[in-house]
Amino acid sequence: MPTLTERRAEILALAVSEYIRTAEPVSSKLLADRSELGVSPATVRNEFALLENNGLLMHPYTSGGRVPTELGYRTYVEQLMLEEPVIDTERITVEHQLHQVAASLEEWLPLTTSILASWVGNVAVVLHRPIMSQKLLQTQLVDLNGESVLMVCVLDDGTVRKRTLSIMPPLDQVALNSHASWLNELLVGSDAAKILELAQAITDPLRVEFVRHVATLMREHGPESSGFIDGLEVALQQPEFNDQESMLEAMGYLSLHRLENVINGVMGKSASTSTRIVIGPGNRSNNKNGWSIVASSFEMPAEAGVIAVVGPTRMAYAHVLPRVRYLADLISSFNQVGPSRSVED
């Protein structure tokens, strides 16, 4: 990502925040008048031009203002954004709502989906599935012509799982046998959750990769997930969908079945990351509006899943991210008497 001066970073952060708030191109005069930058509109225009050259802002049509590019949003989220934390009054309200329903996931998860959708003004999705309890019995690594490696995992219920891996630099069979022996010594008798936990203490990058592949392979082909979706009507009221073509595209994209595949794909890219923000092309799928996903995984004794917010790239990430993360933690605390309270009375 481009290296920014302190002033340029501040101007980018202000421009992104203002565009998220108003959905209108941001002018240099507006930033100079409404902020504490202490510079003239001409100076802001010069900085806008440099940010545009770096691919962080762009000119929409003939407007004199600027809007963020996908790279601009990513830079803002990764380097400049200040999260808006969940405050105690919000926690109390949410947890009070959840304690009003029966202590069952069938009632609790759809209510959580509705709470998140109304909280952030975008589409909220909760996916969940039973956790398989199989344990690893044996792992083998087989050289495939020096170009790839076949990983074979045998589970304690007799299931055999296979995956082809690309390993660079290539390893011969002797080295693969050594890695397989190490994997078996460390992992045999563990389930996928325990294996991911063990991965956190490993320092060798290749061995970390092998361990995470074992965990991912053990979780594949498990029970089908089910899910809940809410907030479509509110989300479609945003300016991005003010014409019929955009609205129809959005309605096609924002189906539970499609989002289930997209979100599972997003979370499956990193076995070690519990929260992910994906902005732009990975979610576009021929729609003229770019899409963003903020997702966080959760896990209970017998269930695991993902809670996510899906919306246009002009998403209030600073507001959405901590609330998705908070609700994921809250779901993880669920037990037979309902969610545990995180705010003292």
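Up top you'll find the structure we're talking about.
Summarised in this report is the structure supplied together with it. Quick caveat, the model's predicted, so the values are computed rather than measured.

So, how was this worked out
Residues numbered from 1 in each chain as written. Predicted model: local features only at pLDDT ≥ 70, side-chain atom pairs only at ≥ 80, totals over all residues. Heavy atoms only, no water. Helix = DSSP H or I, 4+ residues; strand = E, 2+ residues; numbered from the N terminus. Contact = heavy atoms within 4.5 Å. 1 Å grid on protein atoms, 1.4 Å probe; cavity = no way out; pocket = protein on both sides within 12 Å on 5 of 7 lines; lining within 4 Å. Points joined across faces, edges and corners; volume = space filled by probe spheres on them. Nonpolar A, V, L, I, M, F, W, Y, C, P; charged D, E, K, R; others polar. Pairing = 2+ DSSP bridges. Axes fitted to C-alpha atoms, helices over the stretch in contact; angles between N-to-C directions. Patch = residues over 30% accessible without salt bridge, like charges linked within 9 Å, V, L, I, M, F, W, Y side chains within 5 Å. Areas by Shrake-Rupley, 256 points an atom, 1.4 Å probe, with all protein chains shown as cover. Salt bridge = Lys/Arg side-chain N within 4 Å of Asp/Glu carboxyl O. Buried < 20%, exposed > 50% of the residue type's maximum accessible area, 1.4 Å probe, protein only.

1. Topic: the environment of Ile-277
Step number 1: The residue Ile-277 is located in strand S8 (residues 275–279) in this model.
Step number 2: Note: C-alpha distance between Ile-277 and Val-77 (200 residues apart in sequence) is 8.6 Å.
Step number 3: Among all residues touching Ile-277, those that are not within four sequence positions of it are Val-77, Ile-293, Val-294, Tyr-317 and Leu-321.

2. Some remarks on empty space enclosed by the protein
Step number 1: Per the counting criterion, the structure on display carries two cavities of 30 Å³ or more.
Step number 2: Approximately 30 Å³ is the volume attributed to the second largest cavity.
Step number 3: Looking at the second largest cavity, the residues that line it are Asp-143, Gly-146, Glu-147, Ser-148, Val-149, Ile-167, Pro-170 and Leu-171.
Step number 4: For the lining of the second largest cavity, the residue count by class is four nonpolar, two polar and two charged.

3. With respect to the sheet that holds strand S4 (residues 136–144)
Step number 1: The sheet built from three strands is open, its strands ordered S4-S5-S6 with antiparallel pairing. In this open sheet, the two edge strands, each paired with only one partner strand, are S4 and strand S6 (160–165). Across this sheet, the average inter-strand angle for adjacent strands is 15°, counted without regard to direction.
Step number 2: Note that S4 and strand S5 (residues 148–155) share eight bridges and pair antiparallel. When the sheet's bridge partners are listed, Leu-144 is paired in S5 with Ser-148.
Step number 3: Most of the contacts of helix H9 (residues 205–219) go to S6, to which it runs at about 135°, and overall it touches S4, S5 and S6.

4. Quick look at a nonpolar patch on the surface
Step number 1: Together, Met-247, Leu-248 and Met-251 give the surface a local cluster of nonpolar side chains, amounting to about 270 Å² of exposed area.
Step number 2: Tracing the backbone through its elements, the reader meets Leu-248 in helix H11 (residues 244–253).

5. With respect to the pattern of salt bridges
Step number 1: Under the counting rule described, the total for this entry stands at nine salt bridges.
Step number 2: Across the pair Arg-21 and Glu-18 runs a salt bridge, and its minimum N-O distance is 2.7 Å. Taken together, the residues span about one helical turn, with Arg-21 and Glu-18 both in helix H1 (residues 6–22) at a distance of three residues.
Step number 3: Overall, Arg-21 belongs to the exposed group, its relative accessible area being 56%.
Step number 4: One salt bridge in this structure joins Lys-29 and Asp-33, with 2.6 Å as the shortest N-O distance. With Lys-29 and Asp-33 both in helix H2 (residues 28–34), this residue pair falls four residues apart, about one helical turn.

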